[in-house]
Amino acid sequence: MKKTVSRSKWLALTAVLSAMASVLYFLEMPVPLMPGFIQFDFSMLPIIIGNIALGPVSGIVITLVKDLIHLIIKGAGATGGVGDLADFFTCLCFILPSALIYKKFPNFKGLITGLIAGCISSAVLSGLIFNALVVYPVYTNLMPLEAIIGAYKQFRPSVNGLWEVLAIFNMPYTFLKCVVISIIAVMIAKPLQSMLKIGASAKKQPVQSVTAESDNDIENDSDISK
């Protein structure tokens, strides 16, 4: 798919997908059995589509644009901007392994394998490790750690400590979120591929017609000379 896309089409599609991701990022909804500061949105869908169709650079650009737009319009908000940082790293952990695998195995099996690897990478590296080492320590400047853990204890009183909280709640949630959005992306990936191929074939048609016209001109010149 990526080979059939020109630079201008790459820029246009990346811009459109960035706009879609930005809009979807504002359509957040609460997650059952999770604290109120954890929200679900479908902004990762255009990112995955761009990653599949246009490559990892497009996926990273879409992620960066939509996070910056969200931060500028909504401001730091209740999370102090750390939510956008967490979102960017989550998407990055998904984009890189999925794109690398799909690039090496550019078929349906490689696509599925890459998406699974992206889901696992996002869950472990972002949902657990990055949250524990970066996101939540920064977030404690706005909300005490005891209060954060207490928000999770509403759903499971036995949890104790940040790592346990993230392993039980955030890591599975991140994995399931990536899986759900990946399934939707796979469902629309084939129509998108067909659309891109139509665009590529349309570009080739004028070249063929010009060649045909040139052949006719040569034949006409030969007739005149006779």
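Residues numbered from 1 in each chain as written. Predicted model: local features only at pLDDT ≥ 70, side-chain atom pairs only at ≥ 80, totals over all residues. Heavy atoms only, no water.

Here we look at the pattern of salt bridges
Using the criterion set out here, one finds four salt bridges in the structure. In this structure, the salt-bridge partner of Glu28 is Lys74, at a minimum N-O distance of 3.2 Å. With Glu28 in the loop between α1 (7–26) and β1 (29–30) and Lys74 in helix α3 (residues 56–74), the pair connects residues that are 46 residues apart, well separated along the chain. On the accessibility criterion, Lys74 (46% relative accessible area) is partly exposed. Across the pair Lys66 and Asp67 runs a salt bridge, and its minimum N-O distance is 3.7 Å. (Salt bridge = Lys/Arg side-chain N within 4 Å of Asp/Glu carboxyl O. Helix = DSSP H or I, 4+ residues; strand = E, 2+ residues; numbered from the N terminus. Buried < 20%, exposed > 50% of the residue type's maximum accessible area, 1.4 Å probe, protein only.)

Observations concerning the packing of helix α4 (residues 82–104) against helix α5 (residues 108–139)
Their axes nearest at 7 Å, the elements α4 and α5 cross at an angle of 155°. Here α4 lies roughly antiparallel to α5, going by the angle between them. The two elements α4 and α5 cross, and the hand of that crossing is right-handed. (Axes fitted to C-alpha atoms, helices over the stretch in contact; angles between N-to-C directions. Parallel < 35°, antiparallel > 145°, perpendicular 65-115°, else oblique. Left-handed = near helix turned anticlockwise from the far one by under 90°.)

Describing the side chain of Asp87
In this fold, Asp87 is placed in helix α4. Relative accessible area serves as the criterion here: at 10%, Asp87 is assigned to the buried category. At 2.5 Å, the side chain of Asp87 forms a polar contact with the side chain of Lys66. The residues contacting Asp87, other than those within four sequence positions of it, are Tyr25, Lys66 and Asp67. (Polar contact = N/O pair within 3.5 Å; in protein donor to acceptor, adjacent residues only side chain to side chain. Contact = heavy atoms within 4.5 Å.)

Regarding the packing of aromatic side chains
Evaluation of the coordinates by the stated rule reveals seven aromatic pairs. Measuring from centroid to centroid gives 6.0 Å for Phe37 and Tyr152, while their planes differ by 75°, and the two rings are edge-to-face. Taken together, the residues Phe37 in the loop between β1 and β2 (39–40) and Tyr152 in helix α6 (residues 145–153) connect sequence positions 115 residues apart. By relative accessible area, which is 24% here, Phe37 ends up partly exposed. Taking relative accessible area as the criterion, Tyr152 reaches 0% and is therefore assigned buried. Summarising the aromatic geometry, the rings of Phe89 and Phe130 are spaced 3.9 Å apart at their centres and angled 20° between planes, so their arrangement reads as stacked. Taken together, the residues span a long stretch of sequence, with Phe89 in helix α4 and Phe130 in helix α5 at a distance of 41 residues. The exposure class assigned to Phe89 is partly exposed, which follows from its relative accessible area of 24%. We classify Phe130 as buried; its relative accessible area is 14%. (Phe/Tyr/Trp six-rings, centres within 6.5 Å; stacked < 30°, edge-to-face > 60°.)

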